[in-house]
Structure formats: structure tokens, C-alpha cells
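# Analysis of the macromolecular model
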Amino acid sequence: MKKKILARELLVILGVVIGLPTFAAQNEGETSVARADSAAAIEEVIVQARRRAESLQEVPISITAFSAEQVAIRGNLRVQDVAELVPNLVFIGSNSNLTNFTVRGIQAFPRASRAGFESAAPTYIDGVVRSRPSAVNQFLSDVETIEFLRGPQGTLFGRGSIAGAINITTKKPSEEFEGNVDLQYGNYDLIQGQGYVSGPIIEGKLSASLTAFSQKRDGFDENVFDGGDLGDADIYGGRFKLLATPSDNLSVQLTVDGTKEDARGSAEQWFDGPFAIPGRDRVTNIDQPTIIKSDQVGGDITVNYDIGSIDALFTSISSYRNFDSQRSLDFGSYPASVPALGTIFTTSSPDEDQWTQEFRLTSTWDKKLSYVVGLYYFKADLDDDITAVLPFLGPPNSVSQSNIETESYSVFANFDYRLSDQLSLIAGFRYTDEERRLTQEQDPGSGAVIGTPAFPRQTDNLDETQFLPSLGIRYAINDDANVYATIAKGFRGGGWNNKEIAGPGEIESFADLAFDPEEVWSYELGAKTTWLDNRLVVNAAVFFSDYSDIQSDVQRFVDVFGSPTQVGRVDNAGTATLYGFELETQTLITEELTVRAAVGYTSAEFDEFDTLDLFGSPISFEGNSLESAPEYTANAGILYRTAVSNDLDFVLSMDVIYSDSYFSDPANTPGLEIDSRTLVNARIGIAQSAEKGWELFLWGNNLFDEDDIVIRGIDPRFGNSGQFGAPRTYGVRLAVHF
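Residues numbered from 1 in each chain as written. Predicted model: local features only at pLDDT ≥ 70, side-chain atom pairs only at ≥ 80, totals over all residues. Heavy atoms only, no water.

## Remarks on the overall build of the protein chain
Helix and strand counts for the protein chain come out as four helices and 46 strands. Burial analysis of the protein chain (738 residues in total) assigns 55% to the buried set. The long-range share in the protein chain, meaning contacts at least 24 apart out of those at least 6 apart in sequence, stands at 68%. Summing over all exposed atoms, the protein chain offers an accessible surface of approximately 29,700 Å²; the carbon and sulfur share of this is 56%. (Helix = DSSP H or I, 4+ residues; strand = E, 2+ residues; numbered from the N terminus. Buried < 20%, exposed > 50% of the residue type's maximum accessible area, 1.4 Å probe, protein only. Contact = heavy atoms within 4.5 Å. Areas by Shrake-Rupley, 256 points an atom, 1.4 Å probe, with all protein chains shown as cover.)

Have a look at this one:
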């Protein structure tokens, strides 16, 4: 009954949105006087969601996109800051290095801390995939647009994009000299800066750009064991581009970039039980370091050749990337190395080399049929060494060494055919052949005393082929309204739970750590509308998805070095039904005031999930909510800019961001429910009216200093634990554009 009622509500929302521009056109005469005082309009956003430049309002995909100006006005520097404004997308936890998030109820990474997992919504920068958790939360110092695509995007993006994709386009080197410098200082001794410079080397033939960024900040949490802080930030990097245009129809762009992070991660705080610190928040008591290190470096060459004889653009993107990281964990966040607790200190050091090659042909003609066709190759070689230090037993350490090799070939195509001036048929597919191979061995070290097994080198293989079709129609009601309907299949490959040291009796071979692929069929109806002479934009989408063989994180008690310990492992659940909507509006009230609002709703429940509980007894999670899947997400914001003198503007920007409560496990354990949260962020300052000039802002995030718990844990022996989100932060920002 609930589903039927909601379905009617969703159709009403869509019907109202579709009707808005028609109503506006019918009342053109009534509103023309009110609009005559201004020719201002909402900025058009150009996106690359279908591998060609198109207006956001014409793309038949549910997208939230931001231009460079929209990112800059909020002082945003990383993807997670912008993602707060995206309906039906929520970032999980407080770790900016091991980033996890959920799109329409589907988690990007079932276990973000494990190497070798494929993202359900990969990040792409200039067409090159960044699929590791440490590569998601990118800096946006030279961004042109950032697009959050919802729903399966396998046809044109591939690589497991079962939930969506994050598509970032950075600025090309310019033909005129330009640049900017952006500096910020804030509480917790935040020092943050970025700079960008671009211009010609040989006029009309060769240009270059260079961007650099740095962020350093003290931690939000205190470790009473040594008086230090945890959860700090220390990251820097940059990107260099060289663009050659030897002829009017040929361009070659070389990009080299790198990012280095060296920080101390957060640790869980005990809220009750023997290890709690009464009356204090954001404190923990651990005797081992929580290291977060990440080095990312890579380069790519993009060739674009306009083949005039066939009215097509040939594109080649060749890339190499290396992701090298290290993460350490005081397992359980206990206050000291107490032998009775079986305390362990683990370090994981994944190191991946990635190669990709894409060839693409895109039509440039103005005919009934337009197309994008291509070939794609992906290869990755991932090493992960896991070391467990056992203070209560002493050396030698327990060590597990694993290697995952992935090789994938794809052919893809997407077609648009105009049946009439208003109606278009959309069809596409992607065929992928992928092979993955695990090689792993384990040396128990001193853990052999308590029965930790030794495993000689073993191998396991996963071979998968997938055909991912998509089909849709788009209808232009008039120049201000497009509606669409799409069907698409999404797929994410299988893998292995190769993170922890295997305990006594836990597995017989490493093949027991495997989990199978998952897939989704998604159905979507949407409308993209503008009215009142482009002073109001209203976009909406409703979706329904059949989600099967779900890769879900299940908690179990296992014997870890002689102590019963709760450990997560990804298993394949049964099926789930996902449905909901997104509604986004932007209104230019006056030339000075813009108001934006968005709301998303997702219902995500298991239809079937028979598994084992913490103690190994059979249990069913049928009817439970999927983990980390809030029902409602919403945000609203204003941007007010008005002249206060001939060359100075007053600027005010404010956002209110809401995320509903959700469970962090498929068992829907009450103690693991994350409460709803509301954050208020604001910017206020002055800026020169000219496009090139300076601006000075005061900014604040989480202005009401909400102490929201964003991670929760339960240990039946010792109580409840968790981590807080970021507290109130504030500072000053100075930017100069030239």
C-alpha cells in the first residue's frame, strides 16, 4: 500500500514539473511586464555526461552539475564539500582519505578499507577513471565542471558504474594569460591554498597550465594516551597540462598530476563501558598510531582529431596511474595493549598500477542520427601487504600478502535518432570481458601459538562477461521542457575479502573469501524544464530499480588471535527494490538573489536476504533497509550579490543541508543507527565587480556546532563506540583572479 501511494505522489510531482513551462508559455503576456526590468538568466551549465558537450537541460540523465563559478563561490576545495548539495547522495563517515558514499541506496564501496573493491560510482577526471576509495575526494582547484550522475552509467562509463558516476572536467590551457590565487586560514590552525596559472607558449600552437594546492590542519579529536590529536589533514598536490594544436582539426594534450597525503586518522571513541571517558566528546585512548598515507601520481595523453570527411571527432585517451597508500588501525580502539583483549595493530599497504586506453568516435554532423562508439582497455595490478602486530605475543608479526590482477576489454556505443523534431530514440550498449586473478599467502608469525593458520601461495580466478544495454526516449514539449524515459542495466564485478589476517578455522582456502558480481535494472522517468525566460529551472526524476546479488557488508564474530572479534565481510545478499525521486530547483528572484533547493527520496529494502547472524545462526534480513541508505536528503541555499560601490559587491552565500537517519548494517541493529543531521554553512564578504579582481570572505561550516555521530560500533563485551563528524569550522578566505 505504501509503495502504491508513493508511486502516485511521484507521478504527481513529475506531472507538475512537466506542466510548468507550458503554464508559463500560456501566461507569457501576464508575466512579461514583471520581467521587463531585467534580461538576467540562470547560467547554462555544459556537461560531458554523454561524452560530448551538451546543455544540462537537454541530457536525459538525472544529473546535479556545478560550474567552476558555482564551486568557487562557496570556497569548496574537495568533492565531498560539493556532494553535500546533491540529492540522494550521502557521504559516509568522517575519513576524507577512505571515502565511501551511497547513491540511490547503493554503496560505492561495501568495505572502503579493503583494496581491490570496485566502486559503484567511479570518479572520472578528464575521461580517466579513479576507482580507489582514496581517489574519490579530489581537490577542485582547476575544475571546469563537476557532474554527479545518478543511475547506471555502464554504457559510456563502464568500470562498475552501477549506481552512477562522478565526472570531473578540468580547465584546458588557455590561449590568453590568466590565473588565480586562493588562500584560507581557519580554526584548528587550518592553512589552505591553491593557485592556477595558464597561458600561451607559442601563440595559436602551444599553451600550458599549472595548478597547485595544499591543505594542513590540526585534528578534531584528542588522544588522551599521548596528548596528541587525531583526524588531521596534511595534503598537497598539483596538475600540469600542455596543449598542442598543430592544426585546426588536431589537438594533443599531455597531463601529469600528483597528490600526496600524510595524516593521522580518526579513531573510535567509547561512549559507555569500562573504556569510556565520561563527560568528554571527541576523545579516544589508543596506544598505536593511526596512519593515513596516500601517494597518487599519473599522466594521460588525450588526442582529438576532427575528421571532416565523415563529420566525426576521433578521441584517444591513454593513461597510467599509480595509487600507493598505507593505513594503520589500532583494532578495537582499546586504551592499551591488554593481553586479555587480544589487541592487535594492523597496517595495510595497497599499491596499484593502472593502465587504460580508450578510442572513441563521436559524430559532429547535424543529422537525425548521432552516435558515440568506442573501444576501452583497462589493466590493474594491485599489491596489498597486511601486517598484524601482536603486542601480547611479541614478534614475529603475522603477514598476509596478496596481489589482484585485473584485465578488461570493452566495446560500447550510444545512439540518438531523431524520429521527429520533438521525439528522439536513445539506445546503447557496452560489452565487457574481464578477468581477475588473486594470488595470496599468509605467514601467521607469532599468531601460530593461538592457532592462526599458515597458507602457502594460492590463486583464485574470476572471469566475467557482461552485456549492458540501455534504451530510452526523449520528447521536447517545447523549447523550455524535455521529458525522458530510460531503462538501463548496471553491473559490478565480484572480488575477494582479502583485508584481514584469516583466523583459526575461518577459511580453508583464499577462494572462500570470494564474492560474486551484482547487477541492477533501473527504470527512470525525468523532466528538465526552464521557464520565466530562464529565471527558473525545475528538474525532476523518478526511478525504480531491481537490485540483485547485492554485495553487502555482513558482521560476524570470528576468532581473531584468540579473541572473539566482530569482523565485517562482504557476502552476496539476495535482492532489493529501490525507488524514489529527485527534485531540484533554481530561481533567479532578482538580478542579485538566487535561491536553490533540492530534495531526494530513496526507499531501499531487502526483498530477500538469508544469511547468518553475529553468532553464525541463520537469520533473514527481509524487509530491512539497505545499509547507509537514508530515505530523505535535502538542501537549500541562497546566493545574494549586490553592488555597494562602483567596483565592489557584497556577497552572501548560505546552505542548509539535511540527511535522514540510516542504519549502518543490513541487520538494522538499533545501536548502529546513524541519526539524521542538519548542517548550516555560510560565506559573507566583498568582491570586486570586475571578472578579474580580488575577493575577501569570512566562512563557517556547521555553524551551530552539531556533534553528530557519523560512525557507530558495538562490542558486546565493552559497550558502544563511534566517531563524530566535523565540528564547527570557520576562517577567512582571500582570492585574487588575474
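Next comes the rest of the write-up.
## Digging into the layout of surface pockets
Quantified by volume, the second largest pocket comes out at close to 680 Å³. For the second largest pocket, the lining is made up of 27 residues, of which Gln48, Lys172, Thr302, Asn304 and Arg360 are closest to its centre. At the level of secondary structure, the elements contributing two or more residues to the lining of the second largest pocket comprise β10 (164-170), β16 (233-247), β17 (250-264), β20 (291-307), β21 (312-330) and β22 (345-363). Per-element tally for the lining of the second largest pocket: the top contributor is β10, with four residues. Looking at side-chain class alone, the lining of the second largest pocket contains five nonpolar, 14 polar and eight charged residues. (1 Å grid on protein atoms, 1.4 Å probe; cavity = no way out; pocket = protein on both sides within 12 Å on 5 of 7 lines; lining within 4 Å. Points joined across faces, edges and corners; volume = space filled by probe spheres on them. Nonpolar A, V, L, I, M, F, W, Y, C, P; charged D, E, K, R; others polar.)

## Considering the environment of Pro444
Here Pro444 shows up in the loop between β25 (423-443) and β26 (455-478). Of the residues examined, Pro444 reaches a relative accessible area of 8% and is grouped as buried. Here the alpha-carbon distance between Pro444 and Val399, two residues 45 residues apart in the chain, equals 6.4 Å. Among residues more than four places away in sequence, those in contact with Pro444 are Ser398, Thr452, Pro453 and Ala454.

## A look at empty space enclosed by the protein
Sizing a probe to match a water molecule and rolling it over the atoms shows the empty space that remains. Scanning the entire structure with this criterion turns up 18 cavities of 30 Å³ or more. Computed from the structure, the second largest cavity encloses a volume of approximately 340 Å³. Lining the second largest cavity are 24 residues, with Ile61, Pro152, Gln153, Ser470 and Ala488 positioned closest to its centre. Sorting the residues of the lining of the second largest cavity by element identifies β26, β27 (481-492) and β30 (518-531) as the ones contributing at least two each. Classifying every residue of the lining of the second largest cavity by side-chain character gives eleven nonpolar, nine polar and four charged.

## Observations regarding the pattern of salt bridges
Throughout the structure, instances matching the rule amount to 30 salt bridges. Measuring nitrogen to oxygen at the nearest pair gives 3.0 Å for the salt bridge that ties Lys260 to Asp295. Here Lys260, found in strand β17, pairs with Asp295, found in strand β20; they are 35 residues apart in sequence, far enough to count as distant. The partly exposed category is assigned to Asp295, whose relative accessible area is 27%. The salt bridge involving Arg457 is made with Glu441; its shortest N-O contact spans 2.9 Å. With a gap of 16 residues between them, Arg457 in strand β26 and Glu441 in strand β25 connect regions that are remote in the sequence. (Salt bridge = Lys/Arg side-chain N within 4 Å of Asp/Glu carboxyl O.)

## Observations concerning the nonpolar core
Phe101, Ile146, Phe148 and Tyr547 are the most contacted members of the largest nonpolar core, which has 43 residues in total. Contributing elements (two or more residues each) for this core: α4 (79-83), β4 (89-92), β5 (100-103), β9 (143-150), β10, β34 (575-588) and β35 (593-608). Counting 19 residues, the second largest nonpolar core, distinct from the first, contains Val59, Ile61, Ala165 and Tyr376. (Core = buried A, V, L, I, M, F, W, Y, C linked by side-chain atoms within 4.5 Å.)

## Overview of the sheet that holds β4
The sheet built from three strands is open, its strands ordered β4-β5-β6 with antiparallel pairing. The open sheet is flanked by β4 and β6 (106-107), the only strands paired with a single partner. In this sheet, β6 lies alongside β5 in antiparallel orientation, the contact comprising two bridges. The residue of β6 that forms the bridge with Thr102 is Gln107. (Pairing = 2+ DSSP bridges.)

## Looking at the packing of aromatic side chains
Applying the stated criterion to the full structure yields 20 aromatic pairs. Relative to Phe724, the ring of Phe271 lies with its centre 5.9 Å away and its plane at 80 degrees, an arrangement referred to as edge-to-face. Remark: Phe724 occurs in strand β45 (residues 719-724) and Phe271 occurs in the loop between β18 (269-270) and β19 (283-284); sequence separation between them is 453 residues. Take Phe271: its relative accessible area is 27%, and that puts it in the partly exposed class. Geometrically, the ring pair formed by Tyr377 and Tyr409 is tilted, given 5.1 Å between the ring centres and 50 degrees between the ring planes. Within this pair, whereas Tyr377 is found in strand β23 (residues 369-389), its partner Tyr409 is found in strand β24 (residues 398-418), the two being separated by 32 residues in sequence. (Phe/Tyr/Trp six-rings, centres within 6.5 Å; stacked < 30°, edge-to-face > 60°.)

## Quick look at the pairing of β30
Taken across its 14 residues, β30 has ten buried, putting it largely inside the fold. Pairing of β27 with β30, which is carried by twelve bridges, proceeds in the antiparallel orientation. Its bridge partner lying in β30, Phe491 is registered against Glu519. Here 13 bridges tie β30 to strand β31 (residues 536-548), and the two strands are oriented antiparallel to one another. Looking at the pairing, Lys528 lines up with Asn539 of β31.

## Quick look at the pairing of β34
Successive side chains on a regular strand alternate, one facing one side of the sheet and the next facing the other. Examined bridge by bridge, β31 and β34 share 13 bridges and lie antiparallel to one another. Looking at β34, one finds that Asn539 is bridged to Glu584. Note: β34 against β35, 14 bridges, orientation antiparallel. The partner of Phe581 across the bridge, within β35, is Tyr601. The hairpin turn running from β34 into β35, its antiparallel successor, is four residues long.

## Topic: the environment of Asp533
Considering the arrangement of structural elements, one finds Asp533 in the loop between β30 and β31. Linking Asp533 and Ala41, residues 492 residues apart in sequence, is a C-alpha distance of 6.9 Å.

## Focus on unusual backbone geometry
The phi torsion at Arg104 lies on the positive side, around 50 degrees, for a residue other than glycine. Its location among the elements puts Arg104 in the loop between β5 and β6. By relative accessible area, Arg104 is classed as buried at 4%.

## Points about the sheet that holds strand β14 (residues 221-223)
Ordered by their spatial adjacency, three strands build an open sheet running β15-β14-β19, and the pairing between neighbours is mixed. Two strands in the sheet have a free side with no partner beyond their single neighbour: β15 (229-230) and β19. In terms of strand pairing, β14 meets β15 through two bridges, oriented antiparallel. Across the sheet, Glu222 pairs through a bridge with Asp229, a residue of β15.

## Quick word on a negative patch on the surface
A grouping of Glu43, Glu44, Glu58, Glu69, Glu144 and Glu691 is seen on the molecular surface, where their side chains present a negatively charged patch. Among the structural elements, Glu44 can be located in the loop between α2 (28-35) and β1 (46-47). (Patch = residues over 30% accessible without salt bridge, like charges linked within 9 Å, V, L, I, M, F, W, Y side chains within 5 Å. Lys, Arg positive; Asp, Glu negative; His and termini not counted. Charge placed at Lys NZ, Arg CZ, Asp CG, Glu CD.)

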